[in-house]
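Survey of secondary and tertiary structure
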Amino acid sequence: PETGTPTATWMSDHHIWEVEKVKALVSNRDQAVTFFCGNSRNFPKFIDLFDGVFILDIDLDTMNRRIDERVARDPTDWGGKPEERELAVRLHQTKENIPKDGIVIDATRPLAHVVDEILTLIQTID
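Source: prediction; values computed, not measured.

Brief notes about the overall build of the protein chain
Each helix and strand counted, the protein chain has 5 helices and 2 strands in total. Along the chain direction, N to C, the helices and strands of the protein chain fall in the order α-α-β-α-α-β-α. Across its three principal axes, the protein chain shows a C-alpha extent of roughly 40 × 40 × 25 Å. Residues classed as buried in the protein chain amount to 26% of the 126 residues present. In the protein chain, the share of contacts with a sequence separation of at least 24, taken over all contacts with a separation of at least 6, comes to 66%. With the model as given, the accessible surface of the protein chain reaches about 9100 Å², and the carbon-plus-sulfur share is 55%. Positive and negative charge centroids in the protein chain, built from 15 and 23 side chains respectively, lie 1 Å apart.

Right, here's the structure in full:
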């Protein structure tokens, strides 16, 4: 913001990726596969450049438990402040800013299973 400390909502609303950098990374064919991790509010400007999009989905209880575990290790981690937790819950419930055509992955399972599913699925995307 122009003045004051940014709130969690302001940070979320202004979390954007630089489109030209995304385009450059997508066009670089030095690697067989490139993964982008995270989300941005401006994804409609570049999502069509991706061969596939995976949506890592968890239920609200799992999300809250994982945030609690992270914050217990580091109280300054995201989700430790009430405003951050409220925002996380709202975004989880509304699914706003999540691509509609992504491949949904059950991310409540152990990490190795999630990774194996993604690696299997990328074989089918072309």
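Additional details are given in the paragraphs that follow.
Some words on the pattern of salt bridges
Using the criterion set out here, one finds 8 salt bridges in the structure. Among the ionic pairs, R70 bridges to D77, the shortest N-O distance being 3.1 Å. On the accessibility criterion, D77 (26% relative accessible area) is partly exposed. Of the charged contacts in the structure, one is a salt bridge between E96 and R90, with a shortest N-O distance of 3.0 Å. Classification of E96 by relative accessible area gives partly exposed; the value is 29%.

Some thoughts on the side chain of E84
With respect to the helices and strands, the residue E84 is situated in helix α4 (residues 82-94). Of the side chains with opposite charge, K81 comes closest to the buried, unpaired E84, at an N-O distance of 4.4 Å. One polar contact links the side chain of E84 to the main-chain amide nitrogen of G79, over a distance of 2.8 Å. Here G80 takes part through its backbone nitrogen, which lies 3.3 Å from a polar atom of the side chain of E84. Here E84 is in contact with A8, D77, W78 and G79, once residues within four sequence places are set aside.

Reading the values: rules and limits
Residues numbered from 1 in each chain as written. Predicted model: local features only at pLDDT ≥ 70, side-chain atom pairs only at ≥ 80, totals over all residues. Heavy atoms only, no water. Helix = DSSP H or I, 4+ residues; strand = E, 2+ residues; numbered from the N terminus. Buried < 20%, exposed > 50% of the residue type's maximum accessible area, 1.4 Å probe, protein only. Contact = heavy atoms within 4.5 Å. Areas by Shrake-Rupley, 256 points an atom, 1.4 Å probe, with all protein chains shown as cover. Lys, Arg positive; Asp, Glu negative; His and termini not counted. Charge placed at Lys NZ, Arg CZ, Asp CG, Glu CD. Salt bridge = Lys/Arg side-chain N within 4 Å of Asp/Glu carboxyl O. Polar contact = N/O pair within 3.5 Å; in protein donor to acceptor, adjacent residues only side chain to side chain.

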